[in-house]
Amino acid sequence: MAVIKIEHLSKSFGRNQVLKDVNFQVEKGEVVCLIGSSGSGKSTLLRCINLLEMPSGGQIIYKGENILDEKHNIQEYRTHLGMVFQQFNLFNNHNVLNNCTVGQVKVLKRSKAEAEKIALKYLHIVGMDQYVNAKPRQLSGGQKQRVAIARALSMNPDVMLFDEPTSALDPEMVGEVLKVMRQLADGGNTMLIVTHEMEFAKEVADRVVFMDKGVIVEEGPPSQVLINPQHERTKEFLKRTLK
Amino acid sequence: MSLEWIISIVENNWQMFLRGAYYTLLISIISTIIGALIGFFIGIMHTIKVRKKGVKYYSLKIINFILTCYVEFFRGTPMIVQAMVVFFGLDMAFGIDMHFITAGILVVSLNTGAYMAEIVRGGIVSIDKGQYEAASAIGMNHFQIMLNVVLPQVARNVLPATGNQLIMNIKDTAVLNVIGVTELFFQTKSIAGNNFRYFESFFVACVMYFIMTFTASRILLYVERRLDGPDAYQKEQKEAI
Ligand SMILES: Nc1ncnc2c1ncn2[C@@H]1O[C@H](COP(=O)(O)OP(=O)(O)OP(=O)(O)O)[C@@H](O)[C@H]1O
Ligand SMILES: [Mg+2]
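This write-up is about the structure you can find in this document. Note that the structure is a prediction, hence the values are computed from the model and not measured.

Here's the deal with the overall build of chain B
Here is step 1: Within chain B, the regular secondary structure consists of eight helices and zero strands.
Here is step 2: At 23 Å, chain B has a C-alpha radius of gyration far larger than the 18 Å of a compact globule built from 241 residues.
Here is step 3: Referenced to the eigenvectors of the C-alpha coordinate spread, the extents of chain B come out at roughly 70 × 60 × 25 Å.
Here is step 4: Classification of the 241 residues of chain B by burial places 43% in the buried group.
Here is step 5: Carbon and sulfur atoms make up 68% of the accessible area of chain B, which totals about 13,600 Å².
Here is step 6: Charge centroids of chain B, computed over 19 positive and 16 negative side chains, lie 11 Å from each other.

Quick word on the sheet that holds strand E5 (residues 65–66) of chain A
Backbone-to-backbone hydrogen bonds pair the strands of a sheet. The strands run either parallel or antiparallel.
All names here are of chain A.
Here is step 1: One open sheet holds the four strands; their spatial order is E2-E1-E4-E5, and the pairing between them is antiparallel. Edge strands, defined here as strands with exactly one partner in the open sheet, are strand E2 (16–27) and E5.
Here is step 2: The pairing of strand E1 (residues 2–13) with strand E4 (residues 57–62) spans five bridges and is classified as antiparallel. Within the sheet, the bridge partner assigned to Ile-6 lies in E4 and is Ile-60.
Here is step 3: Lying on the sheet, helix H1 (residues 42–49) is in contact with E1, E2 and E4; it crosses E1 at an angle near 120 degrees.

Quick look at the pairing of strand E9 (residues 207–212) of chain A
All names here are of chain A.
Here is step 1: Where burial is concerned, most of E9 is hidden: six out of the six residues are buried.
Here is step 2: Here E9 shows no split at all, with Arg-207, Val-209 and Met-211 on one side and Val-208, Phe-210 and Asp-212 on the other all buried.
Here is step 3: Taken together, the five bridges between strand E3 (residues 31–36) and E9 define a ladder with parallel strand orientation. Among the inter-strand pairings, Val-32 is bridged to a residue of E9, identified as Arg-207.
Here is step 4: The pairing of E9 with strand E10 (residues 215–220) spans five bridges and is antiparallel. Residue Phe-210 lies in a different strand from E10, and its bridge partner there is Glu-218.

Considerations on the interface of chain B and chain A
Here is step 1: With 30 residues of chain B at the interface, the matching set in chain A holds 34 residues.
Here is step 2: Around 2,700 Å² of area is buried between chain B and chain A when both sides are counted, 53% of it from carbon and sulfur atoms.
Here is step 3: Linking chain B with chain A are one salt bridge.
Here is step 4: The residue A:Arg47 makes a salt bridge to B:Glu133 at a minimum N-O spacing of 2.7 Å.

Rules behind the numbers
Residues numbered from 1 in each chain as written. Chains lettered and ligands numbered in written order. Predicted model: local features only at pLDDT ≥ 70, side-chain atom pairs only at ≥ 80, totals over all residues. Heavy atoms only, no water. Helix = DSSP H or I, 4+ residues; strand = E, 2+ residues; numbered from the N terminus. Rg over C-alpha atoms; globule rule 2.2 N^0.38 Å. Buried < 20%, exposed > 50% of the residue type's maximum accessible area, 1.4 Å probe, protein only. Areas by Shrake-Rupley, 256 points an atom, 1.4 Å probe, with all protein chains shown as cover. Lys, Arg positive; Asp, Glu negative; His and termini not counted. Charge placed at Lys NZ, Arg CZ, Asp CG, Glu CD. Pairing = 2+ DSSP bridges. Contact = heavy atoms within 4.5 Å. Axes fitted to C-alpha atoms, helices over the stretch in contact; angles between N-to-C directions. Buried area = accessible area lost by both parts, 1.4 Å probe. Salt bridge = Lys/Arg side-chain N within 4 Å of Asp/Glu carboxyl O.

That is the geometry; function is a separate question.
Written out as structure tokens, the structure reads:
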């Protein structure tokens, strides 16, 4: 069953149309990697899905309902999507533990004790439970990103969205974050990942989606899209990125 | 000899000096706090974004225009003149006979608020928009984001500027002597008026002002350091579950 289904999605910034009639869906438990060259609209698509950008047209179907309908509560919908940003965006005024509890307490109305228990569980999974009292500025990039993943997981979302989670990291820290993501993928989490890490996509993705100039050009299992692409544009892109 | 005079002035008038210093500190501290709150209020009003139509938009525009007039007026006129206008003006126009301490706090607060408004607005604008987006992404509404994520960071960022305002206020409350506030300058003037030792009396006041401002700046620096904590984090070994 599709967790999220996108139909005829379009997005323009002024006269610049960034997404054109995008259709795709993410199934429950599926790991989808979104690839494409810079400026092709990958981030915009992800940001449209959780409404950080308002789509110009189309539908986003969640649990059978179009959440772009006026009556839908955007805040409530967003709690079902976990977002991990390229720049981590940990709350600078909160320590590691509170980064993972503030949303649970304020938005999901969980008790502080319950929120802390859940937060600690996910901090343990990402290997950051020894840093509960640290402030973001005391952490390395890789550590920040792992906390950001725990923060998103603490809300128990139905699907995790990652926007180039390793692109802002020093090379030696990329591994620790990918390891956590691999673990999540193996654990049956539903994930939509924008990435430039082709090896990683090959390993963990159930499906790879290649985007170019605001349209989905090709999608399918990694063995097809990444190893034996059908479209000229996909071949070109892979040739450019793999060398 | 000056030094002997200074000692005898302190011995004979220490209570008046202290009472003056007390009012100076009282007015400065209360006014800085109220001024900071005014600054936060205006800073928040100036950074609210609403869609460019409807009653909400135009009400906000009108309120912000009035707030801007207030800011410009209080930044563009001398505090000593503001003190006179507020103290005598309110009495004349509305028959409000304010206690001079209240008038003093009112003037200094309004003055501080005008300066803090711009500082807070800048503080809000300078917060990385990723902070706002991350909070939106976990489902917080605008109010929750401001309260739990943005404003605490703004408060930390404007703390040095607020401390600076406090120090300015400790010095600038001296102008309130024109409306009869018995702060340190006023008291010193009376003391000197009695003993005719102007230099020695004001030398004592000078030292007292410096002690107050210097202590304030050290305390603020300490608070800032405490809030920030160390640069490196000592991880907790026993925390693992
Ligand atoms: N807020 C915005 N305002 C105007 N134009 C924007 C905005 N955000 C993105 N764009 C434009 O939309 C296009 C797609 O941007 P997007 O960030 O989605 O690309 P991307 O595929 O994520 O690229 P990258 O790999 O570099 O992250 C670009 O041409 C960009 O200039
Ligand atoms: Mg991007």
